[in-house]
Amino acid sequence: MGSAKKTPIDPATGLTIVLAGRVVTMNDTFDVITNGRLYIRDGSIVAVAAATAPPPAGFAGIAVTETGATLYPGLIELHNHLAYNALRLWQVPKLYTNRDRWAGIPPYRQLISGPMQVIGKTATALPALIRYVEAKCLVAGVTTSQGITLSSNTGIRRFYRGIVRNVEATDDAELPAANARIPDLDNDMTAAKFFKRLQKESCFLLHLAEGRDPTARKHFQALQIAPGQWAINRALAGIHAAALTASDMAVLGQHQGAMIWSPLSNYLLYGGTAEVAAARAAGVRIGIGSDWSPSGSKNLLGELKVAKLHSVANGDLFSSRDLLAMATRTAANILQWDSVLGSLAAGKRADLFAIPGTAGDPYDRLLHASETAIELVLINGVPRFGTAPLFAALGVTGAESLSVGGQARRLFLKQDTQDPLVGKLSLSAARDILTDALKKLPQLAKTLEKPITMSRLARRAPVWELALDEIEHTGAGLRPRLLFGHQHVGAQPMSGSGSKPLSQILQPLTLDALTVADDADFLDRIAAQLNPPAWLKTGLAAYYT
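What you see is a predicted model, and the numbers here were worked out from it, not measured in a lab. (Residues numbered from 1 in each chain as written. Predicted model: local features only at pLDDT ≥ 70, side-chain atom pairs only at ≥ 80, totals over all residues. Heavy atoms only, no water.)

Enquirer: Even after reading the chapter, I still don't get the overall build of the chain, so can you show me in this structure?
Expert: Counting its secondary structure elements, the chain contains 19 helices and 26 strands. Taking 545 residues into account, the globule formula puts the C-alpha radius of gyration at 24 Å, and the chain, at 23 Å, falls close to it. Viewed in the frame of its principal axes, the chain has a C-alpha envelope of about 70 × 60 × 60 Å. The proportion of buried residues among the 545 residues of the chain is 59%. Once local pairs closer than 6 in sequence are excluded, the contacts in the chain between residues at least 24 apart make up 73%. Looking at the chain as shown, the accessible area adds up to about 20500 Å², and 53% of this sits on carbon and sulfur atoms. (Helix = DSSP H or I, 4+ residues; strand = E, 2+ residues; numbered from the N terminus. Rg over C-alpha atoms; globule rule 2.2 N^0.38 Å. Buried < 20%, exposed > 50% of the residue type's maximum accessible area, 1.4 Å probe, protein only. Contact = heavy atoms within 4.5 Å. Areas by Shrake-Rupley, 256 points an atom, 1.4 Å probe, with all protein chains shown as cover.)

Enquirer: What's the story with the packing of aromatic side chains in this structure? I'm lost.
Expert: Any two aromatic rings considered together are summarised by their centre-to-centre distance and by the angle between their planes. Summed over all chains, the structure comprises ten aromatic pairs. A centroid spacing of 4.8 Å and a plane angle of 70° characterise the contact between Tyr 84 and Trp 292, whose relative ring orientation is edge-to-face. One end of the pair, Tyr 84, is in the loop between strand E5 (75-76) and helix H1 (99-102); the other, Trp 292, is in the loop between strand E17 (285-288) and helix H9 (300-313), with 208 residues separating them in the sequence. An identical accessibility class is assigned to Tyr 84 and Trp 292; each is buried. Ring centres 6.4 Å apart and planes at 55° place the aromatic pair Trp 90 and Trp 102 in the tilted group. With Trp 90 in the loop between E5 and H1 and Trp 102 in helix H1, the pair connects residues that are twelve residues apart, well separated along the chain. (Phe/Tyr/Trp six-rings, centres within 6.5 Å; stacked < 30°, edge-to-face > 60°.)

Enquirer: In this structure, what is going on with the sheet that holds strand E7 (residues 149-152)? I would like to understand it.
Expert: The strands making up a sheet associate through hydrogen bonds between their backbones, and the pairing can be parallel or antiparallel. Pairing within the open sheet is antiparallel, and its three strands lie in the order E8-E7-E23. The two strands at the open ends of the sheet, each matched to only one other strand, are strand E8 (157-159) and strand E23 (464-466). Pairs of neighbouring strands in the sheet enclose a mean axial angle of 35°, with direction left out of account. Relative to E23, E7 runs antiparallel, the two sharing three bridges. Paired with Ser 152 across the bridge in E23 is Trp 464. Sheet strands touched by helix H3 (residues 125-138): E7 and E23. Its angle to E23, the strand with the most contacts, is close to 50°. (Pairing = 2+ DSSP bridges. Axes fitted to C-alpha atoms, helices over the stretch in contact; angles between N-to-C directions.)

Enquirer: For this particular structure, what's the right way to read the side chain of Glu 375?
Expert: Within the fold, Glu 375 resides in the loop between helix H12 (362-367) and strand E19 (376-379). No salt bridge is formed by the buried Glu 375; the nearest opposite charge belongs to Arg 409, separated by 4.8 Å. (Lys, Arg positive; Asp, Glu negative; His and termini not counted. Salt bridge = Lys/Arg side-chain N within 4 Å of Asp/Glu carboxyl O.)

Enquirer: I'm lost on the pattern of salt bridges in this one. Help?
Expert: Proximity of charged atoms lets side chains of opposite charge pair with each other. For the coordinates displayed, the defined rule picks out 14 salt bridges. Across the pair Asp 521 and Arg 88 runs a salt bridge whose closest N-O atoms are separated by 2.6 Å. Taken together, the positions of Asp 521 in the loop between helix H17 (502-505) and helix H18 (522-527) and Arg 88 in the loop between E5 and H1 put the pair 433 residues apart, joining distant regions of the chain. A relative accessible area of 25% means that Asp 521 is categorised as partly exposed.

Structural data, given as structure tokens:
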């Protein structure tokens, strides 16, 4: 009996529209069409042309929407633990050398892992969390990110089906799903066994060498099968890779591997970041991701600013165009999605965003833009976020009103493949629910600590909760433990467990603001961090003023 055909999470149901503005294609020749038009139908780009060119077939009667803006491909984020993005930036207490040094300390349990274990198991707060953290991506021009994993008391795991594309679940043959987890049964393995698995993947996002010391580096060294033979191919994308040396980057490049750069998180925790200059010299493809809000940027737009600051401080390693490529065409190439995403071209999916104005260098202008500059975001041809005038011009109705840094915006959340958990929950309602839950963390923790009787358990319907692979054993691991000599290397989930129950150590917390533009003290909290260099702290503030 054949398996049922899967329905794509993002079906082709977009509008038929024409957008006029400056078009930054990010195609192979990096064409910028000063006075261009994008012709969009059924979720795809039909044509990209100058305004003087005749419209393609079927568009003669379609009104042109003059955006007065610069249009870019949607940002593709390849590293983000989305579930944690309700939490505010953590004041990192000291300099650490690798992940194991900070992931088990008491403040981590009190401020990060403990709150997430409570929110992730609270029935009313969970859907609110999902709605809120996805909106944080969307309002910054991010159209693709990593997924939010859910597990149930029946033992079933699934990905949340959301508005923003999820690289780990697409149900779309043209967008092969990336893998980021290995079942616990396979979580202690040799490099040869890992490579055998890797050869079956289109893209494997592997947390790799998280830190700056020899212990962190061992996780990369464990990928060596034999002299000259490595468990690396073009499917492997090492997240962080901060401990890799120049010679390690040469190995990664020689075997066609990629890396995902998260500079702010690296600087906050370790005082340094990956050797991206060596990676570039070795031909390593570099994607980018903001990691998570406790020790990273609020969104990918912010992370691009940190990447630019690092580049300038180290001799102008990358142009602004190079950095945008990491979040568009190169990211799509790493996923093996470049035939349908990553640039604005005929035949590709209509994922894009816009910022106002058509003058100046388009790449520099984007890196200096704050979230208030995002005037339109489309995913699969559907306007999801934007200004009221543009939504009206495009015929979008039923959108929610919100403010971003004092600027009026609209958010359209209706989806044909709507997730049953989140349903019709608005961002406003989600914000209120989540704000209240974070204030009541000790009480919610106390409720969860009450024992469940067998009779209650027998009557219990399936209940979904966050699968926090980073801090709990959930049946899958983000960091496979590989044999290096006779020793297993690679971080284990670290909950920062302690003798006291969470109800006794948690305190009320404040919900992280949706954007930097709405956060009165984000830049002050960055300035107060112990580990980043002064040029990062002062430079980032300048990018937002």
